[in-house]
Amino acid sequence: MSPFDKDHFTDMDGQPIDDSPEPLACPFCGGGAENLVVERWSEEDDPEASYHVECLKCGCNGRCNGRCNGPQAATQLEAAEGWNGRSG
Ligand SMILES: [Zn+2]
């Protein structure tokens, strides 16, 4: 088992996402990088490519329209940057 890469966001398969920044901790539960994954809604849920970061520890994700989490994004990298870049 390879050590978890805390320097990058990871996708649902646990693969580091190229060029993604070091994940900031979850603002809701303090979960660190190991709890954060970039997910894509299923095509049934959303036919458009739509990525967001989800915290596996507290379950917050982009479903509540930005109220509780990072924005939806067109690419994994944008979702990762959106998670880190959201303000207040
Ligand atoms: Zn959390």
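The structure presented is a predicted model; accordingly, all values stated were derived computationally and were not measured.

Reading guide: rules and limits
- Residues numbered from 1 in each chain as written.
- Predicted model: local features only at pLDDT ≥ 70, side-chain atom pairs only at ≥ 80, totals over all residues.
- Helix = DSSP H or I, 4+ residues; strand = E, 2+ residues; numbered from the N terminus.
- Buried ≥ 20, exposed ≤ 12 C-beta atoms within 10 Å, placed from the backbone.
- Contact = placed C-beta atoms within 7 Å.
- Pairing = 2+ DSSP bridges.
- Arc of directions from axis to C-beta.
- Axes fitted to C-alpha atoms, helices over the stretch in contact; angles between N-to-C directions.

K.L.:
Hey, could you run me through the overall build of the protein in this one?
P.N.:
Each helix and strand in the protein was counted, giving 1 helix and 3 strands. Residue burial in the protein is summarised as follows: out of 88 residues, 28% are buried. A sequence separation of at least 24 residues applies to 45% of the contacts in the protein between residues at least 6 apart.

K.L.:
Quick question: what am I supposed to make of the pairing of strand β3 (residues 51–55) here?
P.N.:
If a strand is regular, its side chains alternate between the two faces of the sheet. For β3, the buried fraction is high: 5 of the 5 residues fall into the buried class. Neither face of β3 is left uncovered, since the one carrying Tyr-51, Val-53 and Cys-55 and the one carrying His-52 and Glu-54 both have all their residues buried. Where strand β2 (residues 36–40) meets β3, 5 bridges bridge the pair, whose relative direction is antiparallel. Looking at β3, one finds that Val-38 is bridged to Val-53.

K.L.:
Explanation requested: helix α1 (residues 76–85) in the structure shown.
P.N.:
Note on helix geometry: an α-helix contains 3.6 residues per turn, so any two residues three or four positions apart are oriented the same way. Those residues of α1 that sit buried are Gln-76, Ala-79, Ala-80, Gly-82 and Trp-83. The buried side chains of α1 occupy one side of the element, clustering within an arc of 160° when seen end-on. On its buried side, α1 packs onto β1 (10–11), β2 and β3.

K.L.:
What am I meant to see in the sheet that holds β2 here?
P.N.:
Within a beta sheet, neighbouring strands are joined by backbone hydrogen bonds and run either parallel or antiparallel to one another. Overall, mixed pairing links the 3 strands, which are arranged β1-β2-β3 in an open sheet. Each edge of the open sheet carries a strand with a single partner, namely β1 and β3. Here β1 pairs with β2 via 2 bridges, running parallel. Following the sheet pairing, Thr-10 is matched in β2 by Val-37. This element, α1, spans β1, β2 and β3 of the sheet and lies at about 50° to β3.

K.L.:
What exactly am I supposed to notice about the environment of Glu-22 here?
P.N.:
Looking at the secondary structure, you find Glu-22 in the loop between β1 and β2. According to the C-beta neighbour criterion, Glu-22 is exposed, with 12 such atoms within 10 Å. Along the backbone, Glu-22 and Asp-7 are 15 residues apart, and their C-alpha atoms lie at a distance of 4.4 Å.

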